Amino acid sequence: MAASIVSTLLDCVKSKDGLNARKDLEVLAIRKDLHPQTKGKRTYLLTALWSLSKTEKKIFCKRLFDFKGPDGYCLDIARGVSLEECKVTGLKSHDYPVLMQQLLPISLRGLLPKGPRVATGRLCKFFNHLCQRVIDMEQLLEMEAEIVETLYLFENFFPPSFFDIMVHLTIHLGREARLGEPVHFRWMYPFERYMKVLKDFVSNTTRSKGCIAKCYLAEECIQFSSEFLKKTTKIQEKVDINTEYENNSILGGRPISAGRFINLTEMETKIAHLAVIQNMAVVEPYVE
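Residues numbered from 1 in each chain as written. Predicted model: local features only at pLDDT ≥ 70, side-chain atom pairs only at ≥ 80, totals over all residues. Heavy atoms only, no water.

**Student:** Pulling in residues and values, what's your account of the packing of helix α1 (residues 2–10) against helix α4 (residues 96–107)?
**Tutor:** For the pair α1 and α4, the least separation of the axes is 9 Å and the interaxial angle reads 60 degrees. Facing Ala 2, Ala 3, Ile 5 and Val 6 of α1, the residues of α4 in contact are Tyr 96, Leu 99, Met 100 and Leu 104. Of the residues belonging to the contact of α1 with α4, the class tally is 8 nonpolar, no polar and no charged. (Axes fitted to C-alpha atoms, helices over the stretch in contact; angles between N-to-C directions. Helix = DSSP H or I, 4+ residues; strand = E, 2+ residues; numbered from the N terminus. Contact = heavy atoms within 4.5 Å. Nonpolar A, V, L, I, M, F, W, Y, C, P; charged D, E, K, R; others polar.)

**Student:** Can you explain unusual backbone geometry? Please cite residues and give values.
**Tutor:** A positive phi angle, close to 60 degrees, is found at Ala 29, a residue other than glycine. Position of Ala 29 relative to the elements: it lies in the loop between α2 (19–28) and β1 (37–39). Backbone geometry at Cys 86 places phi at a positive 55 degrees, although glycine is not the residue there. Along the chain, Cys 86 turns up in the loop between β3 (81–82) and β4 (87–88). The exposure class of Cys 86 is buried, given its relative accessible area of 7%. (Buried < 20%, exposed > 50% of the residue type's maximum accessible area, 1.4 Å probe, protein only.)

**Student:** Lay out α2 with the relevant residues and their values.
**Tutor:** Taken as a whole, α2 has its buried residues at Ala 21, Arg 22 and Leu 25. The buried residues of α2 occupy one face: seen down the axis, they fall within an arc of 100 degrees. Along α2, the residues that are exposed and aim more than 90 degrees away from the buried face are Asn 20 and Val 27. In the segment just after α2, Ala 29 is the residue with positive phi, at about 60 degrees. (Arc of directions from axis to C-beta.)

**Student:** Outline the side chain of Glu 144, listing residues and values.
**Tutor:** Along the chain, Glu 144 falls in helix α6 (residues 137–157). A distance of 2.6 Å separates a polar atom in the side chain of Glu 144 from a polar atom in the side chain of Arg 178. Ignoring anything within four residues of it in the chain, the contact list for Glu 144 reads Gly 174, Arg 175 and Arg 178. (Polar contact = N/O pair within 3.5 Å; in protein donor to acceptor, adjacent residues only side chain to side chain.)

**Student:** Hey, could you go over the pattern of salt bridges for me, with residue numbers and the actual values?
**Tutor:** One pass over the structure, following the stated rule, counts 8 salt bridges. Its salt-bridge partner being Lys 16, residue Asp 164 comes within 3.4 Å of it at the nearest N-O pair. Highlighted residues: Asp 164 in the loop between α6 and α7 (165–180) and Lys 16 in the loop between α1 and α2, separated in sequence by 148 residues. You can call Asp 164 partly exposed: its relative accessible area is 28%. Ionic pairing is found between Arg 122 and Glu 149, a salt bridge with its closest N-O pair at 3.4 Å. (Salt bridge = Lys/Arg side-chain N within 4 Å of Asp/Glu carboxyl O.)

**Student:** With reference to specific residues and values, describe a negative patch on the surface.
**Tutor:** A contiguous patch of negative charge on the surface is contributed by Asp 136, Glu 138, Glu 142 and Glu 146. Mapping Glu 138 onto the fold places it in helix α6. Since its relative accessible area comes to 59%, Glu 138 is described here as exposed. (Patch = residues over 30% accessible without salt bridge, like charges linked within 9 Å, V, L, I, M, F, W, Y side chains within 5 Å. Areas by Shrake-Rupley, 256 points an atom, 1.4 Å probe, with all protein chains shown as cover. Lys, Arg positive; Asp, Glu negative; His and termini not counted. Charge placed at Lys NZ, Arg CZ, Asp CG, Glu CD.)

**Student:** An account of the environment of Lys 92 is needed here, citing residue identities and associated values.
**Tutor:** Among the structural elements, Lys 92 can be located in the loop between β4 and α4. Residue classification places Lys 92 among the partly exposed residues on the basis of a relative accessible area of 45%. Along the primary structure Lys 92 and Leu 169 are separated by 77 residues, whereas in three dimensions their C-alpha atoms are 21 Å apart.

**Student:** I'd love a proper account of a nonpolar patch on the surface, names of residues and values included.
**Tutor:** On the surface, Ile 165, Met 166 and Leu 169 cluster together into a nonpolar patch covering about 300 Å² of accessible area. Mapped onto the elements, Ile 165 comes out in helix α7.

**Student:** Describe the packing of α1 against helix α3 (residues 54–65), and please don't skip the residues or the numbers.
**Tutor:** Interhelical geometry of α1 versus α3 gives an angle of 145 degrees and a closest axis separation of 10 Å. On the side of α1, the interface is formed by Val 6, Leu 9 and Leu 10, while α3 contributes Lys 57, Phe 60 and Cys 61. Across the contact of α1 with α3, the residue classes break down as 5 nonpolar, no polar and 1 charged.

**Student:** Before we move on, could you go through the nonpolar core and cite the residues and values that matter?
**Tutor:** Ile 5, Leu 10, Phe 60, Met 100, Leu 104 and Leu 130 are the most contacted members of the largest nonpolar core, which has 53 residues in total. Those elements that provide at least two residues to this core are α1, α3, α4, α5 (114–130), α6 and α7. (Core = buried A, V, L, I, M, F, W, Y, C linked by side-chain atoms within 4.5 Å.)

**Student:** Give me the lowdown on the state of the cysteines, citing residues and values where you can.
**Tutor:** Per the counting criterion, the structure on display carries 0 disulfides. Between Cys 221, a cysteine without a disulfide, and Cys 215, which holds the nearest cysteine sulfur, the sulfur-to-sulfur distance is 12 Å. Overall, the relative accessible area of 41% leaves Cys 221 in the partly exposed class. (Disulfide = S-S within 2.5 Å.)

The structure is reproduced here in C-alpha cells:
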C-alpha cells in the first residue's frame with residue numbers, strides 16, 4: 001500500500017491516477033472537477049488534491065533522501081530515491097513498512113492539503129500501532145473502528161482506482177491481530193533477510209544447494225570454534241572507544257553519516273574550547 005500511495009503522490013509508474021482513472025470518474029458521474037478535458041487532439045488532466053507540485057515533489061524526495069537509519073533497521077532508502085526525476089523506486093519489501101510507519105507522515109508534513117494529509121497520517125498511525133510488540137486488546141477494537149473511518153476519508157480524496165484488494169485488507173488486520181497475536185512476531189521480513197544471506201553463499205549457480213550447505217556448515221564451525229576459544233583461551237578483547245574517559249556522556253560507536261569540515265569563527269572556536277575544558281577531568285581540581 002505504501003508503494004501505491006507514494007507512486008500516486010509522485011505520479012510514478014505504479015500510480016493509481018491517470019487517464020483511465022479519470023475516465024472512471026466520468027463514467028461514474030462523480031467529481032466533475034477532475035474529469036479529463038479534451039482540447040483538439042490533446043487530453044488534459046486537472047490537478048487533484050493528492051497531486052504534488054514539482055517543488056513539493058523535490059521537497060518530499062529530499063526528505064527521504066536525507067534519512068539516515070541505524071544499522072539493520074532498513075536498507076539505504078536514498079538508493080531508491082531520484083532527486084532529479086522525483087521518483088521512489090527499487091525499495092525492498094521490508095523497506096516499505098519503515099516508510100509507511102515512520103517516514104511517510106514526516107515527509108508529507110506541510111505538503112498536501114489538510115484532507116489527504118490527515119487521511120494518510122491516520123493510515124500510517126494505524127500500521128504503526130499494529131506492528132508494535134505489545135498491543136492492548138481494547139486499543140485494537142478502537143483501531144478497527146478508526147480504520148473504517150480512515151478509508152472513508154481516502155474515498156473522499158483519492159480516485160476509485162486506488163482501492164484495490166490490499167486497501168480492503170486493512171479492515172481485517174485488526175481482527176487478525178486479535179486472533180493471531182501481534183503482527184511483529186508473524187511477518188515474513190526476518191525470513192526474507194535471511195534468504196538474502198543464503199543467496200550470498202552461492203558461488204556456483206549450477207550447484208546452488210551444495211554451496212549453501214557448505215557455507216552454512218563452515219559458518220557453524222566458525223561460530224562453535226569462537227565460542228569454545230572464548231571459554232578455554234584468554235583472548236585479548238577489543239578495547240572500546242573512549243574507555244579512557246570517565247565522562248558517561250561520551251558514547252562510543254561510529255557515526256551514521258560521513259564526516260564533514262566546518263570552518264568556525266573566532267567566537268565559536270572560543271566557545272568550543274571552553275566547552276571542552278569544562279568537560280575534562282584534568283581541570284576539575286582547578287575548578288574546585
